[in-house]
Amino acid sequence: LASRMKKTATEVIKTLLKNGVMATINQTIDFDTAEFVATEMGCKVEREVVVTIEERLIDDHQDTEDELVPRSPVVVVMGHVDHGKTSLLDAVRKTNVVSGEAGGITQHIGAYTVEINGKPITFLDTPGHAAFTSMRARGAMCTDIAILVVAADDGIMPQTVEAINHAKAANIPIIVAVNKMDKHGANAENIKQELTKYDLIPEEWGGDTIVCPISAKTGMGIDQLLEMVILTAEMQELKANPNRAAKGTVIEARLDKNRGPIATLLVQNGTLHKGDLIIAGTAVGRVRVMTDDKGRAIQSAGPSIPVEITGLAETPTPGDEFDAVADERMARQLVEQRKQAEKDAAAKQASKVTLDNLFAKMQEGEMKELNLIVKADVQGSAEAVRASLEKLSNEEVRVRVIHAGVGAINESDILLASTANAIVVGFNVRPDAAAQASAQRANVDIRMYRVIYDAIDEIEAAMKGMLAPKY
Ligand code: GDP
């Protein structure tokens, strides 16, 4: 608001305080307050309601209870390396072939559907929580149940714990598969005991965690495991509305020399039809060929069904959300907007703070904290400098010395500065050659001084936008 009015944040905050609104620099104020303050400060205010292309293009219809029908669960398999995730996914896939489904062999498209007692379950075919986590990091929530594979002969290992935490963070139920039960001396009871340490209390001990002993090698226990998946899914009452524009998540994507971009999509709501116009992340196009996980061409796919499609102009990124949309011109506009937003975000990432741009960044409201790394020739001056610099904090920006040390400015100082977006301040010390090179690469500002007062003066001036330009 301050920058739109060409005033300082302090002036705006003063006006707010004068009118009884206690506000800090990083607080959000509503339109009425903003209008009041702006008018008070002699600005003309107009209310503008912005409807984004995204909002106009993408169907955000809230499904009503009578539109919703049950859908099948989507399952991810997680666990420590070598505990048998891939083997389990293979064994499950085989179960299905035995059941004699027409079409037979499953293709690897990144997800597949099996049926147990006539009820379908969709498995994400990428074991490990790395894929799961990167999707979640991108905001994609496409799994309903996690199967946690724990090898009976190895027990709970670091990645098992990670998997537990990821599933818990995503708030999805965990079914534990104690694998390798065919091995001599394998004992599921020890695993159950270990699980209790992570708040996974087995059902037979009064908790609500289902634990299934299995062998991915012999196939023992796989059917029971799948039945437990169905049972868990039924308790979740998973539902979707097949009669709306499709939306879901990109599971896999690659570029084929002959067929162009190929993407595996998991439909999460609505129904995807051949010929639909879709927008997936920054890719747009019409579904040209759509095949299921058995390699059969299909015309439409409803909720929880994974399909492989061609027709996108570009290769999307796994974890991207996709939406079927109606207006091609708007879809292309939205794609351009998203590309620009990605570029802006990348540029912002690249634009490190320097004493020269500090004030501008403060004005834009980007800087609430100025991080500094102090290196000096003796411990005494490092500490003295730290104290004096931190005293420069004012209500607009807090000066924080994140590291103060003795000796030449080295590469690890630069690395820290780069990740923490800090400026390096040297006292009677210089960067070594490696540090100089990496500072240049990472755009880290290094300032060197001989006298403490010079450093304080210069940084203070920079914070006020009064730093004399360097030639
Ligand atoms: P992932 O890293 O979790 O995907 O583990 P894999 O599925 O690749 O399995 C790791 C190793 O354990 C492989 O050598 C498998 O053959 C073996 N393995 C997997 N499941 C079983 C099982 O039920 N019994 C036995 N004896 N070995 C298994």
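Bear in mind the structure is a predicted one, so any value in this text is a computation, not a measurement. (Residues numbered from 1 in each chain as written. Predicted model: local features only at pLDDT ≥ 70, side-chain atom pairs only at ≥ 80, totals over all residues. Heavy atoms only, no water.)

Check the secondary structure of the protein chain and you find 14 helices and 21 strands. Counting only residues that meet the buried cut, the protein chain has 45% of its 471 residues in that class. Residue pairs at least 24 apart in sequence account for 71% of intrachain contacts in the protein chain once pairs closer than 6 positions are excluded. Carbon and sulfur atoms provide 51% of the accessible area of the protein chain, an area that totals close to 24100 Å². (Helix = DSSP H or I, 4+ residues; strand = E, 2+ residues; numbered from the N terminus. Buried < 20%, exposed > 50% of the residue type's maximum accessible area, 1.4 Å probe, protein only. Contact = heavy atoms within 4.5 Å. Areas by Shrake-Rupley, 256 points an atom, 1.4 Å probe, with all protein chains shown as cover.)

On to the side chain of H80. For H80, the position within the fold is in the loop between β2 (74-79) and α4 (85-98). Among all residues touching H80, those that are not within four sequence positions of it are K85, V149, M157, P158, Q159 and T160.

Moving on, we get to the site of the ligand. Around the ligand, 15 residues are found, and the nearest of them are D82, K85, T86, S87 and D182. In the model, an oxygen atom of the ligand is placed 2.6 Å from a nitrogen or oxygen of the S87 side chain. The side chain of S215 places a nitrogen or oxygen atom 3.2 Å from an oxygen atom of the ligand. Here the ligand loses 71% of its free accessible area of 570 Å² to cover by the protein chains. Residue composition of the shell around the ligand, by class: two nonpolar, seven polar and six charged. (Near = heavy atom within 4 Å. Polar contact = N/O pair within 3.5 Å; in protein donor to acceptor, adjacent residues only side chain to side chain. Nonpolar A, V, L, I, M, F, W, Y, C, P; charged D, E, K, R; others polar.)

The next subject is the pairing of strand β18 (residues 369-376). Among the eight residues that make up β18, seven are buried, leaving the element largely enclosed by the rest of the structure. Two strands pair when backbone bridges link them, and β18 and strand β19 (residues 398-406) are joined in this way by eight bridges, in the parallel orientation. Counted as the bridge partner of I373 is H403 from β19. Since β18 and β19 lie parallel, the crossover through helix α11 (residues 379-390) that links them has a hand, and here it is right-handed. In the sheet, β18 pairs with strand β20 (residues 422-427) via six bridges, with the strands oriented parallel. Bridge pairing in β20 links V374 to V425. (Pairing = 2+ DSSP bridges. Right-handed = clockwise from strand over helix to strand, strands pointing away.)

On average, the protein chain scores 88 in pLDDT, and the residues at 70 or more come to 93%. Interface confidence in the predicted complex, given as ipTM, is 0.99; pTM for the same model is 0.69. (pLDDT = per-residue confidence, 0-100.)

Moving on, we get to the packing of aromatic side chains. Here the structure, examined in full by the defined rule, presents two aromatic pairs. Ring geometry for Y112 and F123: centres 5.8 Å apart, planes at 25 degrees, overall stacked. Of this pair, Y112 sits in strand β3 (residues 111-116) while F123 sits in strand β4 (residues 119-124), placing them eleven residues apart in sequence. Taken individually, Y112 and F123 each receive the classification buried, so the pair is uniform in this respect. With a centroid separation of 6.1 Å and an interplanar angle of 35 degrees, the aromatic rings of F427 and Y449 are classed as tilted. Here F427, found in strand β20, pairs with Y449, found in strand β21 (residues 446-449); they are 22 residues apart in sequence, far enough to count as distant. Over the ring of F31 we find R47, and its NZ or CZ is 4.2 Å from the ring centre. (Phe/Tyr/Trp six-rings, centres within 6.5 Å; stacked < 30°, edge-to-face > 60°. Lys NZ or Arg CZ within 6 Å of the ring centre and 35° of its normal.)

Take the sheet that holds strand β9 (residues 247-256) next. Strand order across the open sheet formed by seven strands is β13-β12-β17-β9-β10-β16-β14, with antiparallel pairing between neighbours. Each edge of the sheet is formed by a strand with only one pairing partner; in this case those strands are β13 (283-286) and β14 (290-291). In terms of strand pairing, β9 meets strand β10 (residues 260-269) through nine bridges, oriented antiparallel. Within β10, the position partnered with L255 by the bridge is P261.

Moving on to the nonpolar core. Ranked by size, the top nonpolar core spans 28 residues in total, and within it L355, L358, L370, L372, L389 and I459 carry the most contacts. If you list the elements that add at least two residues to this core, you get α10 (358-363), β18, α11, β19, β20 and α14 (452-463). At six residues, the largest contribution of residues to this core is made by α14. Once you skip the residues sitting within four places of it in the chain, I459 turns out to touch L355, L370, L372, L389, L392 and V425. In this structure, L89, I175, A216 and L225 belong to the second largest nonpolar core, which totals 27 residues. (Core = buried A, V, L, I, M, F, W, Y, C linked by side-chain atoms within 4.5 Å.)

Among the secondary structure elements, R447 is positioned in strand β21. The class for R447 is buried, based on a relative accessible area of 5%. Here D445 takes part through its side chain, which lies 3.3 Å from a polar atom of the side chain of R447.

Inspection of the entire model under this criterion finds 28 salt bridges. D292 is paired through a salt bridge with R296; the nearest N and O atoms lie 3.0 Å apart. Residues R332 and E328 are paired through a salt bridge, measuring 2.6 Å at the closest nitrogen-oxygen approach. Of this pair, R332 and E328 both sit in helix α9 (residues 328-350), four residues apart, roughly one helical turn. A relative accessible area of 30% places E328 in the partly exposed class. Look at the salt bridges and you will find they share partners, linking D356, D445, R447 and E458 into a network. (Salt bridge = Lys/Arg side-chain N within 4 Å of Asp/Glu carboxyl O.)

The four strands are arranged β19-β18-β20-β21 in an open sheet whose pairing can be described as parallel. Edge positions in the sheet fall to β19 and β21, since each has one partner strand and no second. When the angles between neighbouring strand axes are averaged without regard to direction, this sheet yields 25 degrees. Pairing analysis gives four bridges linking β20 to β21, with the strands arranged parallel. Across the sheet, residue V424 finds its bridge partner in β21, namely I446. Lying over the sheet, helix α12 (residues 411-420) contacts β18, β19, β20 and β21, oriented at roughly 175 degrees with respect to β18. Where α14 meets the sheet, it contacts β18, β19, β20 and β21, and its direction lies at approximately 140 degrees from that of β21. (Axes fitted to C-alpha atoms, helices over the stretch in contact; angles between N-to-C directions.)

Another point: α12. Of all the residues in α12, the buried ones are D413, I414 and A417. Seen along its axis, α12 keeps its buried residues to an arc of 95 degrees; they face one direction. In α12, the exposed residues that point more than 90 degrees away from the buried face are S412, L415 and T419. Each element contacted by the buried residues of α12 is listed here: β18, β19, β20, α13 (433-442) and β21. Capping the start of α12, N410 holds a side-chain oxygen 3.1 Å from the backbone nitrogen of S412, two or three residues further along. Where α12 ends, the next residue or the one after it, N421, has phi of about 50 degrees, a positive value. (Arc of directions from axis to C-beta.)

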